[in-house]
Amino acid sequence: MKLKILDTTLRDGEQTPYVNFTVDEKVEIAKLLDKIGVDMIEAGDPSVSPKIYEAIKKIASLNLNAEILAHSLAKKPGIDKAKECGVDRVVVLYPTSKIHLETKVYKTEDEAIQIIEEHIKYAVSLGLKVRFTPEDATRTEFDFLVRACNAAINAGADRISYADTLGIMQPHIFYDKVKKLKDTILPCEMDLHCHDDFGLALANGMAGIRAGANCIHVCVNGLGERTGVPDLAETIMSYHILEKLEKYNIEHIMEVSEYVERASGFFIPNNNPITGLNAFSHKSGVHTDGVLKNPSTYEAFEPSLIGRERTIIVDKYTGKRAVLSKLEHYDIEVNDEELRKIIEEIKNVGDDRKILHDTDIIEIAEKVTNRTSDVIPKGINALILISVEAEVYTTTVVRHLKNFKHIKSVFEITGEHDISAYIKVQNTAELNTLIEELRTVQGIKTTSTKIVLKKHESNGKSK
Ligand code: HCA
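Remember, it's a predicted structure, so these values are computed and weren't measured experimentally.

Draft legend 1. Up close: the packing of aromatic side chains. A complete count under the given rule lists two aromatic pairs for this structure. Pairing tyrosine 162 with phenylalanine 174 gives two aromatic rings, centres 5.5 Å apart and planes at 35 degrees, and the pair type is tilted. Of this pair, tyrosine 162 sits in strand β6 (residues 159–164) while phenylalanine 174 sits in helix α7 (residues 171–184), and the two are twelve residues apart along the sequence. Here tyrosine 162 matches phenylalanine 174 in class, with each residue buried.

Draft legend 2. Quick look at helix α2 (residues 50–60). Those residues of α2 not exposed but buried are Ile52, Tyr53, Ala55, Ile56, Ile59 and Ala60. In an axial view of α2, the angular spread of the buried residues amounts to 165 degrees, which keeps them on one side of the axis. For α2, exposure combined with an orientation more than 90 degrees from the buried face picks out Pro50 and Lys51. Each element contacted by the buried residues of α2 is listed here: α1 (23–36), β3 (67–73) and α3 (76–85).

Draft legend 3. Quick look at the site of the ligand. His71, Arg131, Thr133, Ser161 and Thr165 are the nearest of the 14 residues found near the ligand. At 2.8 Å, a side-chain N or O of histidine 71 approaches an oxygen atom of the ligand. In the model, an oxygen atom of the ligand is placed 2.9 Å from a nitrogen or oxygen of the threonine 133 side chain. When residues of the shell around the ligand are traced back to their parent elements, those giving at least two are β5 (129–135) and β6. Residue classes in the shell around the ligand are distributed as two nonpolar, eight polar and four charged.

Conventions and cut-offs
Residues numbered from 1 in each chain as written. Predicted model: local features only at pLDDT ≥ 70, side-chain atom pairs only at ≥ 80, totals over all residues. Heavy atoms only, no water. Phe/Tyr/Trp six-rings, centres within 6.5 Å; stacked < 30°, edge-to-face > 60°. Helix = DSSP H or I, 4+ residues; strand = E, 2+ residues; numbered from the N terminus. Buried < 20%, exposed > 50% of the residue type's maximum accessible area, 1.4 Å probe, protein only. Arc of directions from axis to C-beta. Contact = heavy atoms within 4.5 Å. Near = heavy atom within 4 Å. Polar contact = N/O pair within 3.5 Å; in protein donor to acceptor, adjacent residues only side chain to side chain. Nonpolar A, V, L, I, M, F, W, Y, C, P; charged D, E, K, R; others polar.

Encoded structure:
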């Protein structure tokens, strides 16, 4: 299979509501994408802002292995800017659906063809490779779509991006459409740009690749306009595991995902496939029993392939084997009767509380066995006391802090410090990273971290 992956985190990904990257962040993301081995990086539309222009130019000068693209409307100044940035390829975007032509750009079909031809010829005359994107292609009347694509190819475009701009395709319909278009237009490489409005973007993309296209557009963490486009990690792992296409360096997938998560402030839901916190966590007694005997019973692939670890969740759903494995993890030895009582207590506490942390399990074991254990549980709770610069509005800093994944609550306080943030992290390394990141927040003068040893609820229960 000749699959190519184009990552558009820096273009469509930055069109995600409330997401903006700095130039340095864009350069770093491009380098991380290149480590994974993506074939093309769509670095942005240089006409949008001076910093986007600067970032594209910097990325184009890095000599990465990936082909670097700039997006442009069918306008000469945009194409000129792409050329100035030194990219390998420019994307000429023009709408082709009736609704876009008649109610957005007010052009007839003939006028559209003339604009497409003129701008692609112009880009080719500047020595640029060209991809033509017929925007809203999946709602474009077939004969006109063929006319527009052929005009673009004749003018010098060597790639067409079949854009499902509204994300309205279904895999079986998209398969037929891609096949018919590919079989009808002049020979040309075909990209698929599928939006995820119904959660079908990756499925549509994979169907379109089967139908003869050869490139899928993705964003790290599924970013993109509205609900985004296929997630880079999901796409690469689907091909790697399900289609046995082992072309990309999957060991770097988490690195770019975590970096983009921090830089975008757009957090990955726990149940996200591949990159989500729960992707390799097992909870029910039946599942944990199976996984502890043979991980393949409930895992499609070994999490260490992408540098992740399996987690066994212990709560009221948990069976004997999982509790034992957790106790063994902390070197806590128990006999059969103690184990039975620990499980019983876990079920009672689990019925009352939403989450059981490892600290709780250790505490239950100590109570049941009457022996104290000298162990450091997973998970750290801490209070970070923050002082802000005199000229900074404290609420602005608070608003910023609320976007941090590990910060559970933030208070504006009186006294020596201005803000108190309650945080939960997995380990000291995560705590360290969080503190480092807090120090880069504009307006934060100092931080002082207090690790929580024990949290007491008002009803007297300790947590
Ligand atoms: C846009 C439109 C686009 C372009 C896709 C592409 C779409 O955001 O400007 O160039 O392949 O969905 O039509 O993202």
